[in-house]
Amino acid sequence: MSGNYRFEMEENDVVRSLITTIGSFIEDRLTNKEQRIQHKDHCAERLAAEDRTAKNQTEEIHYSDQAVLANLDWGIEALEEAIATSNVETKMARLEYAEKMLQVCAMLHSDRKTAGVPNFYLSAWAHLNLSYLWKLKNDNRNSILHMLEMFVVDPFFSRVDFAPELWRSIFSPHMGSIIGWYSEERRKILFDMIPDNSDLSLTVDFDHCFNESLILSVRPEQAERIQALENLYGESLDSNTRLYAKYYKDCMNYDAANTRKAILPMMPIVEPPMTPLHEISSRLIPDYVKFGPVLPKSAGFSTNQSRDVSSRSKAESASENLEDSDCWDAPNSSPKEYSPKSRRESSRNSSPKTPSVTNSSPKSSKKPGNIQTSMLRLLSTHATDSTSLPISPLSCGDNSSISSTDSDEETKGQLRIAARSIAHARSVRQIFRKSSMNQSDDGRLSYVSSPTSEVLTPQSRPPKDFVCPITGQIFNDPVTLETGQTYERKAIQEWTNRGNTSCPITRQPLSAAALPKTNYVLKRLITSWKDQHPDIAQEFSNTETPSEKSAHPSRQRFVRAALANSPTSVISQASVETVINALKPYILCLCSSEDLKECEEAVLAVSKIWEDSNVGPGINSYLSSPTIVNGFMEILSASFDKDVLRTTICTLSKLICADDRVRDLLTSIDSDFYCLTELLKKGLVEAAVLVYLLRPSFSQISRHNLVGTLLRIISNENEDVTDFRFNIAPKDAAIALLEQIVAGGDESDKTVNATNVVITDNGIPALLSCLDRVDGRQSVVSILLRCMRSDSTCKNVVANGIELSHVLELFHNGDDSVRGMCVEFLCELVRLKRRTSSDEILRIIKEEGTFSTMHTLLVYLQMSPMEQKPSVAILLLQLDLLAAPRKPSIYREEAMEAILEALRSKEFPSSQITALGMLSSLVGSLRGSNKPCVESWLLKIAGFDRTCGDTTKTDETKADETREEEKAARNWEKRIAFVLSNHEKGSIFKAMEECFKSNSIEIARSCLVVSTWLVHMLYSFPDCGTRDVARKSLLDKFVNVLRSSKNLEEKILTALALRGFASEPVGLNEIGVYAKSIWKTLRKIKKSCTAASDITKALMNLPSIDAADLWSCVEGPEIDVSVNGEILSMIHVRSRLISSHSDGTIKVWDTAKRAPRLIQEAREHSKAVTCLYVTPSCDKLYSGSLDKTIRVWSIKQEEIYCIQVHDVREAVLALAANTSVACFSSQGNGVKVYNWSGIVKNIGFNKQAKCLALEGDKLYCGCSGYSVQEVDLKTQSSSTFYSGAKKLLGKQTIHSVGIQDGLLYAGGSSVDGVAGKVFKLSSKAVVGSLPTGLDIQQTTVNNDFIFTATKCGIIEVWLKERVAKIAYIKLACGGGGSTRIAAVASDSDGQKLFAGTSDGRIQVWSLD
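Presented here is a report on the structure given in the accompanying data block.

**Let's talk about the pairing of strand 14 (residues 1189-1195)**
- Across the seven residues of strand 14, seven count as buried, placing the element largely inside the fold.
- In this sheet, strand 14 lies alongside strand 13 (residues 1180-1185) in antiparallel orientation, the contact comprising five bridges. Paired with Leu1181 across the bridge in strand 14 is Trp1193.
- Linkage of strand 13 to strand 14, two consecutive antiparallel strands, is achieved through a turn of three residues, within which Lys1188 is found at a positive phi near 65°.
- The pairing of strand 14 with strand 15 (residues 1200-1207) spans seven bridges and is classified as antiparallel. In the sheet register, Ile1195 faces strand 15, and the bridge partner there is Ile1200.

Here it is, written out as C-alpha cells:
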C-alpha cells in the first residue's frame, strides 16, 4: 500500500512538472508573434522545397494532397486570428474552425507522404498548433497531450525545429548516457585520425591537433565511420525521445482514483546503443584519453596559439539548423556555442603565410578534395571558411605522386564513398562559399572560383577537344570555323550577334557571313564518349533541367568552375590574367596589411584597375572571393574617408550584380548589414544602393529604423549628384527600400511604418516631388497608397501637391500589376472628406493626359484580372457620373456589368469583398477612407448615433461650407444610388442576394451595409419599378439577419432597411408576415434605434395583425418596502425609478437590471411625500409633501440632491412645476400657483383638483365632477377643457391626467362603460376613449402603450396608436384584499412596467 502511495506522489510530481514546463513554453510561444511567424515561414520553406521536388519527380500531384496542405495553412491562419482578436465569440469560432482544419493533418498516416512531404512532419506541425489551440481554450491537459504527441510522431524535427527548448528541458536530462557514449566514440575516431598520438598528455585537446592538411587527409573509411556514428547517435536520441514522450502521455492519462487495477506507467531506461565502431579502430586508445581537457604536452603548442576561426564561418555554423529542405531524414547534432572573431583575423588565416602540410600517405593523395565537406560537419565547433583552408600540393594539380598501380576502378570507388559522405553532410549544412584563395606552386596568390576541394583530375574531366572554349561545357551542336577552332553553335552565334567579326581564340577575321554546318564527326565521337562516361558527361552537360540542377549541387559547382574560367565575354584569357596579375599586389595588401592607409589606397587602386580593364566576368569571379569581400567590408567598418567608402560600395555593388554568391556572403552576418545601415544613417547615401542590392528581408531592415534616413535622402535634391556609376541611383534605391519597409510585415507593421512617413516633416511632399523620376515612380505610388490607407489625414496633402499626369503615364505604360496599383491609388485619392474636392480630382483624372483616361480604363477593364475589375469599374463609373446620370453611356454600362460580375463571382471571394468595399466608398457622406464611417452614417440615420471622429464646426463660414458640402454629398449620393438601383431593372439587388449567401463573415457584413444604403436611398427618389425587385430579393435576407444576428449594429442596419420597405403598404404587409418572429428583437433594439420604433408602431397598427398576439410580459421580482409605509407616487427617468412614501422618504432605484437596485434613500420631508414631478429635460425633480413644503432636487447619475426648499403653508396633494412656477392642489377647490419667490396665488374654480399636468404655459387639472380645467398661467385664468354629462355631476371624478406627444390622457370613473378619454390639445377634440367598466385610478403612457390601473389590482394595457385594449395584468396580491395600486410608472422605451401598492410593495414586469 505504501509503495503504491509513493508511486502516485511521484506520478503527480511528473504531471505537475509537465504542466509547468510545457505550459510555460506554450505561453511564451503565444506571446511571441514574431517567433511564430518566423517558425511558420521556416516550415513553409521546407514544404515549398519538398513540393517542388515532388513536382519534378512526378507529373501530377493529386488535388486531395494539396487540399490537406491547404487545411493546415487555413488552420494556422485561423489560430492566428483567434490569438489576435479580443472578441470572445470570434475567438471561439476561429478556434473551432482551426481545430477542424488541423485535425485533418494530425490524423495523417505517418508512413506515407502528402504532395511529396512526409506525413510525420505535417502531423507533428499540426499537433504543435493544436497544443496552442487547447491552451487558448484553457484546457491544459489536451494541450500537453498534443505537445507530447508531436514528439511521438516526429521526434527529430520536434527537437530540432518545432520545440528544441522544450526538448532540452524535459528530454535531454534523460539522454546523458547516450551523449556520454557519443562523446567517447567520437573521441576514439578523432584519436585514430591523428598521425602521431604518442606526444599527448592527459589534458590533450583534439581540436588543437587538427589543421587543414589533417582534414584533407581523412580516409574514406574514416569518413564512413564518422557518418555511421552520427546516424546511430541521431537514431538513439529519436527513439528514446519517443519512449519518454509516450511515458509522459501515460502519466498524463493515468488516474489513480479510477484505474487502481490498471498497469502503472513505468519510466523508460535509456541505454547507449551497441556499436561495432571500436572493433574497426586501427589503434588502441589509452584510457586516459577519456579524461580531461585538451592541451598538448610538447612545446610546439600553447593555449594562446589556438587557431583563429573566421567570424563569417562561425556565424554560418551557429545559424545552420537543418536548413536543407531537400532532405527530411537529416542527421542530428548537438548544439554548440560560438564566440565571434574579427574579420581581420579571418583574413590573416587565409593569407599565404599559413603553412601547408603535405600528407605522406600515398593513399591520401587519391581521395577527392571534397572529403573536407564531411569533416566540416564533424568539427562543427571549429568550422572555418573555405578561404582559410590552404590546398595540399597534391590537390593543386601535381599528380606525380599518384601511384601508377591505382586503377580507375579504385578511384571511382573512393569517389563514390566520398560522394556519400558529402551528400550526408550536405543534408545537414549548406556550404555557401564556393570561392577560395589558395597558394599556387610558385608561392604566389592564386584565386579560383571553385572550392579547393573540387579540383578536377584528368580522370574526372572530359577531353579538351570535347569542351567548348566559350561555355566550358561539352558540345551539343559543334561548329568548326574557317580558323580551325570549334565552338558551340549558340555561343558563337551570340558572339557574332554582338558585332564581333573575328575568332574568339585566334583573333583572325571571319569572312563567312553564316555559320558552317554541324561537325557530325566530332558529335559522334562525343556521343560515344558520353556512353562510356555518363557521370562525367552529365556533370559537364548544359542540357540538365532545373530540377536536376537542384538535386545535384555538386554538379553546379563543377559547371561554375568551368564557366568562370571560360572567355565568355572577354577578348582573350590572356587579358584577364594580365589584369589579375596587376590586382594581386593590392589584393594582398587589402587582405593582410594592418595599415589602414595602405588598405584604403589598395581599394582605390583596385577600383581604378578594374574600371580601366573593361574585362568583366573573369575579374568578377576573381574579386568575388570571400577573403577579398571580407577585406572590402573591413574597410567599410574602419575607414573614415568618404571617397574610399564610396569606392568600396561601388565595387561591392558591381560584384553583387555580377555574382549572387557575394550577396549571400554579405547577408549571412548581421554585423555587415548593421555596418551598412550605420553608414547610411551617417549620411553616406551611396550605402542605400548596396543595402538595396542585398535584398534584405523586412524583419532585417525594419529593426534599424531607417524611415527618417531614407526620407532625408529622398527629400535632398542633390543626392543623385555622384561621380560613381551605379546600376540604380541612390535616391531610387532609397525609394525602393522605403517601399519595402512600408509594404512589408503584417497590417500593424504597415500602419506604423506608413504613419511614420506621414508624420515625418516634408515626408509626403518629398515623395510627391519624386514622381517625375521614371525609375522610382512605381515605388512612390505604392508608398503613397499605403500612407493614405493608414492615415487618411495625408490625403489632402497628396491631392493638393500631386501631378496626376505622372500617375496616369505610369498607368498607360505599366503592366497589369502596375495598372492595378494605379487604379487603387486613384480610387483612394478621390475618397476625400470634401465631396467637391473629390469631384475636382475626378475631373482632373478625366481630362489629364495625352490619351483618353476613360477609354484606357475601359480597355483595361475588359482585359484586367478578376480581382482588379471592381476597382477599375468603380473608378470608371465615377468618372462617367460627372456628366448627366440619365444619359446612356457605354462606360457606365461596362462598369456596371463588371461590378455585377464581381458581386456574383462566388469562386472569387476577394473580388466580392473588393466590389462591396468600393461600393461603400461611393457614399457621399463618407468621412475619411475607412468603411466604418459609412456604417456609422447609416446607424445615425437609424437613430443610433456613432461619431466618426469629425470635429464640430462652429464658425459661421465653416457652417456654410459644411452645408454646401452636405448638399454636394447628398446630390452625389442620389446620383450614384439612382444609377446603381436602376441598372437593368434592379440587377444589383439580385447580386446582393447572392452575396448574402456567402459563408464569409466579411462579405456578409459588407453586403448588409451596402444593401441597407441602397434600400434607404431607393425611397429617396421616385420609383422606377425597382422597389419590388429590391423587396423580393432582400426582404427575406434582412429578416434572417434580424432574427439570427447577435450584433446590435447589424440589427439596427436591418431595421433601417425594413423601415424603407415598411414605408409602402405592400412592403408593410409583407413585413407583417414575419411580425411574430421579429417583434421581440425590434422591441429590444427600439431603445437604441428609432427605425425599430417606427416599424413596431407600423406593425401594431397594421389591420391584418392582432396586436394581442404580439404583446407579452413576464412578471419580475416584487420588492417589499412596507417599512416606509404606503407608496404614494412613482416616476421613471434615465434608467432610474424614483418612489415616494408615506413616511416622508424618497427612494432612488437603478432599473438597468432585472431587479431594481436601491442606490439612494433621501429623508428630507418630515411627512408623507404625496407627489413627484420631473421636468421634460429630466434634470430636476419636484416633490410635494403634507409637511407643506415643495422641494427642488438636482438629478445626477447616481443620486438626487435637494437644492431648494419652499414653504407653501399648505399641504401639497398634487404637483406640476417648471423653472417659472409650481402649481399644486390642496384641500380646497381650485389650484395654487407658486412663483418660487414666496408668493402663492389661488386660481379658483368650483372644482377640487385631483391631478395636474403641465404643458408650456397651460395647466390641465383633473377635477371632481368628471371635468378637466385648463389654466392659462400667463393670464392666470381658468376655463373648462372638458365636462362630463350633467346628470352625473358631482358623482364622478378624473383621477389621473397625463400629456405626451400633444395628446392629453385622462382617466377616472367609468361612465357608460368608458373610464378614460384621449384629447388632442390643439383642438380639444376627443381622439379616443378607453372603454372599461373599471374606474381608472392611475395612468402612465410610453411610446407604444397606455397603462391604466384600477383599485382592484388590475392594470389594463391599451395600444397607444389605435387606443385599443390588447391585454391586462393582475397583481398577485390584488383582487381579494384591501390592497390597491397607488402608483404606476413605465420607462419611455416600454421595456419595463412598475406598480406601487398601498401596502408598500413594488411589482416589476418585463415587457417583450
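Picking up where we left off.
**Some details on the packing of helix 34 (residues 777-790) against helix 36 (residues 804-813)**
- Interhelical geometry of helix 34 versus helix 36 gives an angle of 115° and a closest axis separation of 11 Å. By the angle class used here, helix 34 and helix 36 are roughly perpendicular. As helix 34 runs across helix 36, the sense of the crossing is left-handed. Counting all contacts with helix 34, which are made through Arg777, Gln778 and Val781, the residues of helix 36 involved are His806, Val807, Glu809 and Leu810.
- Split into classes, the residues belonging to the contact of helix 34 with helix 36 amount to three nonpolar, two polar and two charged.

**A look at helix 31 (residues 730-743)**
- With 14 residues, helix 31 ought to run about 20 Å at 1.5 Å a step, and its terminal C-alpha atoms sit 20 Å apart, in line with that.
- In terms of burial, helix 31 is largely enclosed, as 11 of its 14 residues are buried.
- Among the residues of helix 31, Pro730, Lys731, Asp732, Ala733, Ala734, Ile735, Ala736, Leu737, Leu738, Ile741 and Val742 are the ones counted as buried.
- Elements that come into contact with the buried residues of helix 31 comprise helix 28 (687-693), helix 29 (698-702), helix 30 (707-715), helix 32 (747-759), helix 33 (763-769) and helix 34.
- Directly after helix 31, the chain includes Gly745, whose backbone phi takes a positive value near 75°.

**Considering the packing of aromatic side chains**
- Overall, the coordinates contain 25 aromatic pairs when judged by the stated rule.
- Ring geometry for Trp1111 versus Phe1345: centroids 5.2 Å apart, planes at 75°, classification edge-to-face. Placement of Trp1111 in the loop between helix 52 (1107-1110) and strand 7 (1113-1120) and of Phe1345 in strand 29 (residues 1345-1349) is noted, with a sequence separation of 234 residues between them. Just as Trp1111 is buried, Phe1345 falls in that class too.
- Through pairs of rings, three or more aromatic residues link up here, namely Tyr121, Trp125, Phe156, Phe157 and Phe162.
- The ring of Phe811 carries Arg819 above its face, with NZ or CZ at 5.3 Å from the centroid.

**What to know about unusual backbone geometry**
- Residue Gln1276 is not a glycine yet carries a positive backbone phi of 50°.
- Locating Gln1276 in the fold gives a position in the loop between strand 22 (1267-1272) and strand 23 (1277-1283).
- Given the relative accessible area of 29%, Gln1276 is considered partly exposed.
- In the Ramachandran plot, Asp1301 falls in the positive-phi region, its phi being about 55° despite a non-glycine side chain.
- Residue placement: Asp1301 occurs in the loop between strand 24 (1294-1300) and strand 25 (1303-1311).
- Looking at Asp1301, the relative accessible area reads 60%, which means it is exposed.

**Regarding the environment of Tyr692**
- Within the secondary structure layout, Tyr692 lies in helix 28.
- The partly exposed category is assigned to Tyr692, whose relative accessible area is 33%.
- Between the C-alpha atoms of Tyr692 and Leu737, which are 45 residues apart in sequence, the distance is 6.3 Å.
- Those residues within four positions of Tyr692 in sequence are excluded, and the remaining contacts are Ile728, Ala733, Ala736 and Leu737.

**Looking at the pairing of strand 27 (residues 1325-1331)**
- Where strand 26 (residues 1314-1320) meets strand 27, six bridges bridge the pair, whose relative direction is antiparallel. Note on strand 27: the bridge partner recorded for Val1318 is Gly1328.
- Between strand 26 and strand 27, which pair antiparallel and follow one another directly, the connecting turn spans four residues, one of which, Lys1324, has a positive phi of 60°.

**So, the pattern of salt bridges**
- All told, the structure shown has 54 salt bridges when counted by the stated rule.
- The residue Asp660 makes a salt bridge to Arg663 at a minimum N-O spacing of 2.8 Å. Of this pair, Asp660 and Arg663 are both found in helix 26 (residues 660-667), three residues apart, which corresponds to roughly one turn of the helix.
- Residue Asp660 is classed as partly exposed on the basis of its relative accessible area, which comes to 46%.
- Across the pair Asp1399 and Arg1401 runs a salt bridge whose closest N-O atoms are separated by 3.6 Å.
- Look at Asp1399 and you get partly exposed, because its relative accessible area is 29%.

**Considering the sheet that holds strand 9 (residues 1136-1141)**
- Spatially, 8-9-10-11 is the arrangement adopted by the four strands of the open sheet, whose pairing is antiparallel. Looking along the sheet, the strands with just one partner apiece sit at the ends: strand 8 (1127-1133) and strand 11 (1157-1162). Each neighbouring strand pair of the sheet contributes to a mean axis angle of 20°, computed without reference to strand direction.
- Direction of pairing for strand 9 relative to strand 10 (residues 1146-1150): antiparallel, over a ladder of five bridges. Counterpart to Ile1138 in the pairing with strand 10 is Val1148.

The rules behind these values
Residues numbered from 1 in each chain as written. Predicted model: local features only at pLDDT ≥ 70, side-chain atom pairs only at ≥ 80, totals over all residues. Heavy atoms only, no water. Buried < 20%, exposed > 50% of the residue type's maximum accessible area, 1.4 Å probe, protein only. Helix = DSSP H or I, 4+ residues; strand = E, 2+ residues; numbered from the N terminus. Pairing = 2+ DSSP bridges. Axes fitted to C-alpha atoms, helices over the stretch in contact; angles between N-to-C directions. Parallel < 35°, antiparallel > 145°, perpendicular 65-115°, else oblique. Left-handed = near helix turned anticlockwise from the far one by under 90°. Contact = heavy atoms within 4.5 Å. Nonpolar A, V, L, I, M, F, W, Y, C, P; charged D, E, K, R; others polar. Expected span 1.5 Å × (residues − 1). Phe/Tyr/Trp six-rings, centres within 6.5 Å; stacked < 30°, edge-to-face > 60°. Lys NZ or Arg CZ within 6 Å of the ring centre and 35° of its normal. Salt bridge = Lys/Arg side-chain N within 4 Å of Asp/Glu carboxyl O.

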